[in-house]
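Descriptive analysis of the structure
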Amino acid sequence: MLEIHGIKKAFGSLQVLKGIDLHVNQGDVVAILGPSGSGKTTLLRCLNFLESSDAGTMVFDGETFQMNSISKRDIRAIRKKTAFVFQNYNLFLNKTAIQNVMEGLVIARKMPKEQARDIARKALDKVGLSDRYDYYPYQLSGGQQQRVAIARAMATEPEIIYFDEPTSALDPELTGEVLSVMRQLADEGMTMLVVTHEMSFACNVSSHVIFMEDGVIAEQNSAEAFFNAPKEERTKAFLANFNQ
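To start, this report covers the structure provided alongside it.

Reading the values: rules and limits
- Residues numbered from 1 in each chain as written.
- Predicted model: local features only at pLDDT ≥ 70, side-chain atom pairs only at ≥ 80, totals over all residues.
- Heavy atoms only, no water.
- Pairing = 2+ DSSP bridges.
- Helix = DSSP H or I, 4+ residues; strand = E, 2+ residues; numbered from the N terminus.
- Buried < 20%, exposed > 50% of the residue type's maximum accessible area, 1.4 Å probe, protein only.
- Polar contact = N/O pair within 3.5 Å; in protein donor to acceptor, adjacent residues only side chain to side chain.
- Phe/Tyr/Trp six-rings, centres within 6.5 Å; stacked < 30°, edge-to-face > 60°.
- Lys NZ or Arg CZ within 6 Å of the ring centre and 35° of its normal.
- Core = buried A, V, L, I, M, F, W, Y, C linked by side-chain atoms within 4.5 Å.
- Contact = heavy atoms within 4.5 Å.
- Axes fitted to C-alpha atoms, helices over the stretch in contact; angles between N-to-C directions.
- Parallel < 35°, antiparallel > 145°, perpendicular 65-115°, else oblique.
- Left-handed = near helix turned anticlockwise from the far one by under 90°.
- Nonpolar A, V, L, I, M, F, W, Y, C, P; charged D, E, K, R; others polar.
- Salt bridge = Lys/Arg side-chain N within 4 Å of Asp/Glu carboxyl O.

The subject of this paragraph is the pairing of strand β10 (residues 216-222). Pairing geometry for strand β9 (residues 208-213) and β10, over six bridges, is antiparallel. Note on β10: the bridge partner recorded for His-208 is Ser-222. Here β9 hands over to β10 after two residues, with Asp-214 in that stretch at a positive phi of 55 degrees.

In structure tokens:
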């Protein structure tokens, strides 16, 4: 479904991505791990063109794109098949939960409001917010806001959802409800790339794990092999810190 080759990104003299290669099949759940500053979020943002790449190619749905010269038209076409869940929800504060989910359908996809409302209801129901349609973000907990954001992503029926540390802004007791929704999506076959520090999710839900450090992929493997038999010393040290 998705292949990337040689993705590079620099901010001034700081080389954040130094040549990333990745292959994602339909239904894969890829956990992206690594220390802060390793380039995880930048990679995700480049894949959804929230940041422009300096070099590299993307193969998406059988079409090949040059990342540093891709047209706005192609970016729009790819974004219609993908969704992005941000660390800090990125909800419209002046809109209710159902309006937040409807917004992209009505504005970007020109969908009739009643059709969009029906899709939004079903998406909110799926994440356990059937009683929160008309609540504004300030009336919702952090976990509920993030579930609205996931419902918004689901409503567009994407082929891939990118998650950028979706639980890092949440208190521990709220993390579980968001991970439960993501686990449900994984069980249903949704393709996901997830930047996360949640080792239990990476170990028990993801199908593949990549470990990034200093702008490169230091190790990648199936989740089982990654956690049970890591190859690189740096990976072993990283995992040891979480197992203490």
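Past the structure itself, the notes keep going.
Another aspect to go through is the side chain of Thr-156. Positionally, Thr-156 belongs in the loop between α5 (142-155) and β7 (160-164). For Thr-156, a relative accessible area of 17% gives the class buried. A polar contact is formed between the side chain of Thr-156 and the backbone oxygen of Ala-153, at a distance of 2.9 Å.

Time to look at the packing of aromatic side chains. In total, this model carries five aromatic pairs according to the counting rule given. Between Phe-84 and Phe-86 the ring centres are 4.6 Å apart and the planes differ by 40 degrees, which places this aromatic pair in the tilted class. The pair formed by Phe-84 and Phe-86 is uniform in burial state, with each residue classed as buried. An angle of 15 degrees between the planes, with centres 6.3 Å apart, marks the rings of Tyr-136 and Tyr-138 as stacked. Judged by its relative accessible area of 30%, Tyr-136 is partly exposed. For Tyr-138, a relative accessible area of 68% corresponds to the exposed category. Cluster of aromatic residues (ring-pair linked, three or more members): Phe-84, Phe-86 and Tyr-162. Here the basic side chain of Lys-9 rests over the ring of Phe-11, its NZ or CZ set 5.0 Å away from the ring centre. A cation over a ring is seen here: Arg-132 above Tyr-135, with NZ or CZ 4.7 Å from the ring centre.

Moving on, we come to the nonpolar core. Counting residues in hydrophobic clusters, the biggest one holds 42 residues, and the most contacted among them are Leu-124, Ile-150, Ile-161 and Phe-163. Elements supplying a minimum of two residues to this core: β6 (82-85), α3 (97-107), α4 (113-126), α5, β7, α6 (172-187) and β8 (191-195). Contacts of Phe-163, omitting those with residues within four sequence positions, involve Leu-44, Val-85, Ile-150, Met-182, Leu-185, Met-192, Leu-193, Val-194 and Val-195. Counting residues in hydrophobic clusters, the runner-up holds 30 residues, among them Ile-4, Leu-22, Cys-46 and Val-195.

All right, on to the packing of α5 against α6 then. In helix packing, the relevant descriptors are the interaxial angle and the interaxial distance, both defined with respect to the helix axes. It is the contact of α5 with α6, at a shortest axis distance of 8 Å, that shows an interaxial angle of 20 degrees. The pairing of α5 with α6 is recorded here as roughly parallel in orientation. Helix-helix and strand crossings are classified by hand; for α5 and α6 the assignment is right-handed. Residues Gly-142, Gly-143, Gln-144, Gln-146, Arg-147, Ile-150 and Met-154 of α5 form the contact with α6, whose own contacting residues are Leu-174, Glu-177, Val-178, Val-181, Met-182 and Leu-185. The residue inventory of the contact of α5 with α6, partitioned by class, reads seven nonpolar, four polar and two charged.

Another aspect to go through is unusual backbone geometry. With phi around 50 degrees, Asp-61 is a residue other than glycine that occupies positive phi space. Assignment of secondary structure puts Asp-61 in the loop between β4 (55-60) and β5 (63-66). What makes Asp-61 partly exposed here is its relative accessible area of 36%. Phi is positive for Tyr-89, which is not a glycine, with a value near 75 degrees. Within the fold, Tyr-89 resides in the loop between β6 and α3.

We now examine helix α1 (residues 40-47). Among the eight residues of α1, six are classified as buried, and the element is accordingly described as predominantly covered. Every buried residue of α1 is accounted for by Lys-40, Thr-42, Leu-43, Leu-44, Cys-46 and Leu-47.

Counted under the stated rule, the structure contains 11 salt bridges. Lys-81 is the partner of Asp-61 in a salt bridge, and the nearest nitrogen-oxygen pair spans 3.3 Å. A residue pair is termed long-range when its members are at least 10 positions apart, and Asp-61 in the loop between β4 and β5 and Lys-81 in the loop between α2 (72-79) and β6 qualify at 20 residues.

To continue, consider the sheet that holds β5. The strands that make up a sheet are held in pairs by hydrogen bonds between backbone atoms, and each pair lies either parallel or antiparallel. The strand order across the open sheet built from four strands is β2-β1-β4-β5, with neighbouring strands paired in antiparallel fashion. Each edge of the sheet is formed by a strand with only one pairing partner; in this case those strands are β2 (14-24) and β5. Ignoring strand direction, the axes of neighbouring strands in this sheet form an average angle of 20 degrees. For strand β1 (residues 2-11) and β2, the ladder comprises eight bridges, and the chain directions are antiparallel. Looking at the pairing, Ile-7 lines up with Ile-20 of β2.

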